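Structure at a glance
What follows is each chain in one-letter form.
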Amino acid sequence: MNPNRRSIRLPGYDYASAGWYFVTICCHKRQNLFGEIQQGEMVLNAAGEMVEEWWNKIPEKFPDIELGEFQFMPNHFHAIVIIVGADPFVGPEKTEKLSDKGRYRLWRHKHIGLPLHVVIQWFKTMTTNDYIN
């Protein structure tokens with residue numbers, strides 16, 4: 001990661017929460033690896049087509065993930081990633097009734113769903129390995 005780059009992530013936010021996420025993924029050193037713009041249209045090269053194939057495989061690997069619109073540019077792409085089916089009890093505390101006798105257990109937990117960074121990490125690993133090979 002570039003040490004001069006400022007993170008735009010919301011501090012303390014649970015990125016495993018159900019919702020729609022806008023992501024941008026850039027090529028290493030912002031090299032134009034995905035293709036080129038010709039007459040105002042993005043034309044993918046072989047590497048760009050390979051990356052698009054892996055992108056479309058994400059829901060096969062992660063059933064709780066859906067893909068929205070995405071747009072390639074020569075050195076990056078933008079996409080919508082949708083996390084569905086996340087635990088509705090996300091938060092620092094949750095109470096659970098243990099019996100009809102009025103006993104409760106207080107749980108302090110993190111979300112048990114799939115964090116967004118795991119999906120992106122898998123995608124980057126698969127595309128990088130495929131590109132190198």
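Here we summarise the structure given alongside this text. (Residues numbered from 1 in each chain as written. Predicted model: local features only at pLDDT ≥ 70, side-chain atom pairs only at ≥ 80, totals over all residues. Heavy atoms only, no water.)

Things to note about the nonpolar core
Core analysis: the largest hydrophobic core is formed by 23 residues, its most contacted members being W55, I58, F77 and F123. Among the secondary structure elements, those contributing two or more residues to this core are β1 (19-26), α1 (46-56), β4 (65-72), β5 (76-83) and α3 (116-132). The biggest single contributor to this core is α3, with 5 residues. (Core = buried A, V, L, I, M, F, W, Y, C linked by side-chain atoms within 4.5 Å. Buried < 20%, exposed > 50% of the residue type's maximum accessible area, 1.4 Å probe, protein only. Helix = DSSP H or I, 4+ residues; strand = E, 2+ residues; numbered from the N terminus.)

Description of the layout of surface pockets
Counted as a void, the largest pocket has a volume near 1,500 Å³. If you go around the largest pocket, you meet 34 residues; those closest to its centre are T24, I25, C26, I120 and K124. At the level of secondary structure, the elements contributing two or more residues to the lining of the largest pocket comprise β1, α1 and α3. Broken down by element, the residue count for the lining of the largest pocket peaks at 10 residues, all from α3. Across the lining of the largest pocket, the residue classes break down as 20 nonpolar, 9 polar and 5 charged. (1 Å grid on protein atoms, 1.4 Å probe; cavity = no way out; pocket = protein on both sides within 12 Å on 5 of 7 lines; lining within 4 Å. Points joined across faces, edges and corners; volume = space filled by probe spheres on them. Nonpolar A, V, L, I, M, F, W, Y, C, P; charged D, E, K, R; others polar.)

A short note on the side chain of H76
Here H76 shows up in strand β5. Here N75 takes part through its side chain, which lies 2.7 Å from a polar atom of the side chain of H76. Polar contacts involving the side chain of H76 include one to the side chain of H78, which spans 3.2 Å. Residues in contact with H76, not counting those within four places in the same chain, are T24, I25, C26, C27, F34 and Q71. (Polar contact = N/O pair within 3.5 Å; in protein donor to acceptor, adjacent residues only side chain to side chain. Contact = heavy atoms within 4.5 Å.)

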